[in-house]
Amino acid sequence: MTRIYIVFLISLSFTTHLTAHKTSKKALCIDGFKDWKVLSKGNISHNGDYVSYELSPQKGDGDLIIYDGNHPDTIPRGYAAAFGAASDFVVFRIKQPEQLIRKAKKDKVKKGEMPKDSLGVFVFRNKKIYKFPRLKSYKIPDEGASCWVAFLAEAERDTAQNGDKPENKKDGTGGDLILFNPQNGDTLLFKNVTEYFYPKQGGAVYFTAQAKDSARTISEVFVFDPENGTSHKLFSTEGWIKKLVSDETGGQYAFLMSCDTIDEKVYSLYLGDGLNQPSKIVDKYTSGVPVGWSPSENGRVYFSRDGSKLYLGVAESPVPKPEDTLPEEDSPKLDVWNWKDNKLQPQQKVEAEKEKKRTFLGVYHVALNRYIQLADIKIKQVRTIQKGNGDVGLGMDDSPYIRASGWTGGDLKDYYLIDLKSGIKIKVLTGKSWARLSPQGKYILWYEPADSSYYATSTEQDFMDTVSLTKILPVAFYDEQNDRPMEPNPYGIAGWSQGDRFVYIYDRYDIWKIDPLGERVPVNITKAFGRRNNTRLRYVKLDKDLEYIPLTEPVLLRAVDERTMSQGFFSMHFNSSKDIDYVVMDRYIFADLKKAKKANKILYTKQDVKSYPDLWTSSLEFKHSKKISEANPQQEKYNWAAVDLVKWTSFSGEELKGLLYKPEDLDPTQKYPMIVYFYERNSELLNRYYLPSPSRSVINKTFYASNGYLVFIPDITYKTGYPGQSAYNAIVSGTQYLIQEYNFVDKDRIGLQGQSWGGYQTAYLVTQTDMFSAAMAGAPVSNMTSAYGGIRWSSGKSRMFQYEHTQSRIGGTLWDKPLFYIENSPLFYAPKINTPLLMMHNDKDGAVPWYQGIELFVAMRRLDKPAWLLSYNEEPHNLKAGSWANRIDLSKRMFQFFNHYLKGEPSPAWMEKGVPATEKGEELGY
């Protein structure tokens, strides 16, 4: 095993220094971005014989591909596919053509009248596709033998006799529930269905039908038996039914019901089993329900995995709102900020709707006929275990720490052990940031930042009997690379062994087997292989339903070599003393690993800078690997990017890594312009593929390399209090190293580009050096003194914590360290800027206040420094993924900007004379 691994590293070291040669391939162009396809939603059937995935151009109609191991079947505009539990069919949605949707939008068609999806069912046995229109949703079971597909379609409209617009039916609400049997084509229709539920094991389909007349609403609950194809009415009432669910087998069912005719309905919880009439089990009068509370329609209703418990959300019963008799202009409209508030008003407003709908978890014990309230006003969050089967839960109370979190950025909580049978709560931990119950509930595990160690206590013994799990071990279990002024986070845990006997905890590289009772000596089960080889090893959980790490069979460990950035997998038995086994390591990023539920087959993607993350299949041992997709075969026609991993010593004496992207046709005798992009550490992305696509905020490495640019991405490490100088030490030293090391770097044509934290560093650097010919800063903080007291509008939180404890790394308050805030603020050094600066800062930025870009722009404008500010209307921090026109626009302007300053091309009109507000929407100035 070791010999194979070393040979690979030697080979890898050799290949990274190969020099690219001249090609006759064409350069990528912005207008062609729309044709580059995106592969997504890869899925494998339970038996491993079929694979589905979506393949879509970035602009236009996509396809659903179904691969049977030999050849692909293409379904135009298909998406959101799911395989039947018996691997005999696949069900999916079908979009309407984009051209039809665009026309509807142009015609200002109402949202409810937009063109609707259809349902498709592809039956493998006869290669037949069935289609059904007006789809709202569909469901199939995850397990079991049921072959029926259940889907809800919009009710078909009556056609008006005069040929005008069709009219909605008046006799009911909801839609048409259709049950379709793909094996024989049988179809059953049920009208006026408002909700339906398909349990995990497919034993039944439950649904609610609702009919209205002028005087009343009648709601009915039905069950459909997939085995014999019959349906039965279980319940009928005058009123409303919501949240219909069943247990995993389909044997029990539950729902909320209200007879109230007003909007503010008070609900009760009903429970039934088999074909029996359901009974009311929880309402506002039930013992255990707080006075004035009742089951809430805003909470989730669900059974435990074994069906012994029924969970629900309860809340204060809604009351009718008083009628507003004042004219709108007579009602004051304001926000009242109070210094005693736990949360700032902006955060309260962001969370207001969520808080209005907040519910508190309760549980009904079916066999005991007992309701227990678990969460309350103080302990709002409760975690259960074993998919709800456990008899204990972990409650969390963050109220003592909320106010301070506005400037600490912390997430501290008090933790309570909750007995689910009695509701008794015992406080077990105070002011911890991370704690978990073991899968069987025998232990509480937590991390203690004060000494960077894990601890455990038994829930079955004295809670004061605390066991230190990692304190005496000779390695760190926290982030060794943390350079923020905060306690480093732990690496986390891999999981537990059966019966909670051992917990498996990660250090930076390896996995430790630790006894939560402290009776056995901790064991490094990967035998320090990871640390000896600078390779991180992490357990891969291939079955989401597993609660324990399997000990009787080999499992996969994901591996990342920090020296070469190679990735792959090893195999090991967690209960064996044998060495870990090599499976695969290569200069790729392996991702999206999925295993067939009932077969030794896996689906995954792998990528490097030149290889799109297409889909591959293989055995679990990565044998018989086969590539099954080819998303962008046109790539071979284009000049692409190559990448080197480079290392140098920074001005602060640290050895740093970085990535240098080059055109694949690079001629080392020529000089090339270079753009330096950065955002903390990026070297681990050495083997990432960058699809040619329009920018949301940053340069596309592949596109710029294809068009004759070098792109350098240096890693940055930081010293508390000196974020700007730290960036300078890393970025400028790395740039100077490349100038000295590579003759093809043109030292007179180097640009900078960064977004957000990278935008700040860009703005700072141009106040410290004139070595860059042009710079583009997206959403930069320019004035830390004003940004410190700003608001992150997307969350409503104060920005103070960011400067004191996290990314901005000042390490103190504005009044404790005023000079640090000033010295790290580009605005105060604006007169020193001699580099042309392009900025983007959008007017709906929820992370960095918009005025930060404006402050620097107006300063440079007054100083007659060349500066431009692009502000996209109604756009957030980064341009929205769906804002195609804005993304294309940003890509073009950024490219024109750099082409002018780094390639000497003529400047466009928007740079020369701007775009007046009077010409907005008419003239682009390209």
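Quick caveat: nothing in here was measured; it's all calculated off a predicted structure.

**Q** Got a minute to help me understand the environment of Val 121 in this structure?
**A** Among the secondary structure elements, Val 121 is positioned in strand E7 (residues 118-123). Sequence separation between Val 121 and Phe 89 is 32 residues; the distance between their C-alpha atoms is 6.9 Å. Ignoring any residue separated from it by four or fewer positions in sequence, one finds Val 121 in contact with Phe 89, Val 90, Val 91, Phe 92, Lys 128, Ile 129, Tyr 130, Phe 180 and Pro 182.

**Q** Even after reading the chapter, I still don't get the confidence of the model for the protein chain, so can you show me in this structure?
**A** Residues with a pLDDT of 70 or more make up 95% of the protein chain, whose mean pLDDT is 94. Contacts of residues 1-20 to residues separated by more than four positions or lying in other chains number 32 contacts, the stretch itself having pLDDT below 50. Below pLDDT 50 for its whole length, residues 158-171 participates in 15 contacts with residues either more than four positions away or in separate chains.

**Q** I tried to follow the packing of helix H7 (residues 723-741) against helix H8 (residues 757-765) on my own but got confused; where do I start?
**A** To characterise two packed helices, one gives the angle between the axes of the helices and the distance between these axes. Following both chains from N to C, one finds H7 and H8 inclined at 80°, their axes separated by 10 Å at the closest point. Put simply, H7 runs roughly perpendicular to H8. Two secondary-structure elements touch here, H7 through Pro 723, Gly 724, Gln 725, Ala 727, Tyr 728, Ile 731 and Val 732 and H8 through Trp 757, Tyr 760, Gln 761, Tyr 764 and Leu 765. The residue makeup of the contact of H7 with H8, split by class, is nine nonpolar, three polar and no charged.

**Q** I tried to follow unusual backbone geometry on my own but got confused; where do I start?
**A** A negative phi angle is the norm for most residues apart from glycine, just as the trans form is the norm for most peptide bonds. Positive phi is not limited to glycine here, since Lys 387 has a value of about 55°. Relative to the assigned elements, Lys 387 resides in the loop between strand E25 (381-383) and strand E26 (392-397). The partly exposed category is assigned to Lys 387, whose relative accessible area is 38%. Look at Asp 864: it is not a glycine, yet its phi comes out positive at around 60°.

**Q** What's the story with the side chain of Asp 515 in this structure? I'm lost.
**A** Tracing the sequence through the fold places Asp 515 in the loop between strand E35 (511-514) and strand E36 (523-524). For Asp 515, a relative accessible area of 2% puts it in the buried group. Among the polar contacts listed, one links the side chain of Asp 515 to the backbone nitrogen of Arg 520, at a separation of 3.1 Å. The contacts of Asp 515, once residues within four sequence positions are left out, are Leu 469, Arg 501, Phe 502 and Arg 520.

**Q** Is there a simple way to explain the packing of aromatic side chains in this structure?
**A** As enumerated under the stated definition, the model contains 58 aromatic pairs in all. Taking 6.4 Å as the distance between ring centres and 15° as the angle between the ring planes, the aromatic pair formed by Tyr 253 and Phe 255 counts as stacked. Of the residues examined, Tyr 253 reaches a relative accessible area of 0% and is grouped as buried. A centroid spacing of 5.0 Å and a plane angle of 20° characterise the contact between Phe 569 and Phe 622, whose relative ring orientation is stacked. With Phe 569 in strand E39 (residues 567-572) and Phe 622 in the loop between strand E43 (611-619) and strand E44 (626-627), the pair connects residues that are 53 residues apart, well separated along the chain. Residue classification places Phe 569 among the buried residues on the basis of a relative accessible area of 1%. Over the face of the ring belonging to Tyr 506 we find Arg 538, whose NZ or CZ atom lies 4.3 Å from the ring centre. Here the guanidinium or amino end of Arg 809 rests over the ring plane of Tyr 718, the centre of that ring lying 3.9 Å away.

**Q** I tried to follow the sheet that holds E35 on my own but got confused; where do I start?
**A** Read across the sheet, four strands follow the order E33-E34-E35-E36 without closing on themselves; strand pairing throughout is antiparallel. Every interior strand has two partners, whereas the edge strands, strand E33 (493-496) and E36, have only one. Here strand E34 (residues 503-506) pairs with E35 via four bridges, running antiparallel. Each residue of the ladder has a partner; that of Tyr 506, found in E35, is Ile 511.

**Q** Explanation requested: helix H12 (residues 851-862) in the structure shown.
**A** What sets the pattern is the α-helix's 3.6 residues per turn: residues three or four places apart point alike. Here H12 contains 12 residues, and its C-alpha end-to-end distance of 16 Å stays within 8% of the 16 Å for a straight helix at 1.5 Å per residue. Where H12 is concerned, the buried positions are Gln 852, Gly 853, Leu 856, Ala 859 and Met 860. Projected down its long axis, H12 carries its buried residues within an arc of 135°, all on one side. Turned more than 90 degrees away from the buried face of H12 sit Arg 861 and Arg 862, all of them exposed. Summarising the contacts, the buried residues of H12 are in contact with H8, helix H9 (784-788), strand E53 (837-840) and strand E54 (867-870). Just past H12, the residue Asp 864 takes up positive phi, approximately 60°.

**Q** How should a nonpolar patch on the surface be read in this particular structure?
**A** Residues Leu 819, Ile 822 and Phe 828 make up a contiguous nonpolar surface patch of roughly 260 Å² in combined accessible area. Mapped onto the elements, Ile 822 comes out in helix H11 (residues 818-823). Classification of Ile 822 by relative accessible area gives partly exposed; the value is 30%.

**Q** I would appreciate a short explanation of the sheet that holds E39 in the present structure.
**A** Sheets are built from strands paired through backbone hydrogen bonds, the pairs being either parallel or antiparallel. Read across the sheet, four strands follow the order E37-E38-E39-E40 without closing on themselves; strand pairing throughout is antiparallel. On the outer flanks of this sheet lie strand E37 (535-539) and strand E40 (581-586), each paired with one strand and no other. Neighbour to neighbour, the strand axes of the sheet diverge by 25° on average, direction disregarded. Alignment of E37 against strand E38 (residues 555-561), held across five bridges, turns out to be antiparallel. Paired with Tyr 539 across the strands is Leu 557, a residue of E38.

**Q** So what exactly am I meant to see when it comes to the nonpolar core here?
**A** Here is a general trend for soluble globular proteins: nonpolar side chains tend to be buried in one another's company. Ranked by internal contacts, the top residues of the largest apolar core, which has 57 residues, are Val 51, Tyr 661, Ile 699, Tyr 704, Leu 890 and Phe 898. Counting residues per element, this core draws most heavily on helix H13 (residues 884-903), at eight residues. Discounting chain neighbours no more than four positions away, the residues touching Tyr 661 are Val 609, Ala 641, Ala 642, Val 643, Leu 685, Tyr 690, Lys 701, Tyr 709, Leu 710, Val 711 and Ile 713. Counting 50 residues, the second-largest nonpolar core is a separate cluster that includes Leu 738, Tyr 760, Met 839 and Met 860.

What counts and how
- Residues numbered from 1 in each chain as written.
- Predicted model: local features only at pLDDT ≥ 70, side-chain atom pairs only at ≥ 80, totals over all residues.
- Heavy atoms only, no water.
- Helix = DSSP H or I, 4+ residues; strand = E, 2+ residues; numbered from the N terminus.
- Contact = heavy atoms within 4.5 Å.
- pLDDT = per-residue confidence, 0-100.
- Axes fitted to C-alpha atoms, helices over the stretch in contact; angles between N-to-C directions.
- Parallel < 35°, antiparallel > 145°, perpendicular 65-115°, else oblique.
- Nonpolar A, V, L, I, M, F, W, Y, C, P; charged D, E, K, R; others polar.
- Buried < 20%, exposed > 50% of the residue type's maximum accessible area, 1.4 Å probe, protein only.
- Polar contact = N/O pair within 3.5 Å; in protein donor to acceptor, adjacent residues only side chain to side chain.
- Phe/Tyr/Trp six-rings, centres within 6.5 Å; stacked < 30°, edge-to-face > 60°.
- Lys NZ or Arg CZ within 6 Å of the ring centre and 35° of its normal.
- Pairing = 2+ DSSP bridges.
- Expected span 1.5 Å × (residues − 1).
- Arc of directions from axis to C-beta.
- Patch = residues over 30% accessible without salt bridge, like charges linked within 9 Å, V, L, I, M, F, W, Y side chains within 5 Å.
- Areas by Shrake-Rupley, 256 points an atom, 1.4 Å probe, with all protein chains shown as cover.
- Salt bridge = Lys/Arg side-chain N within 4 Å of Asp/Glu carboxyl O.
- Core = buried A, V, L, I, M, F, W, Y, C linked by side-chain atoms within 4.5 Å.

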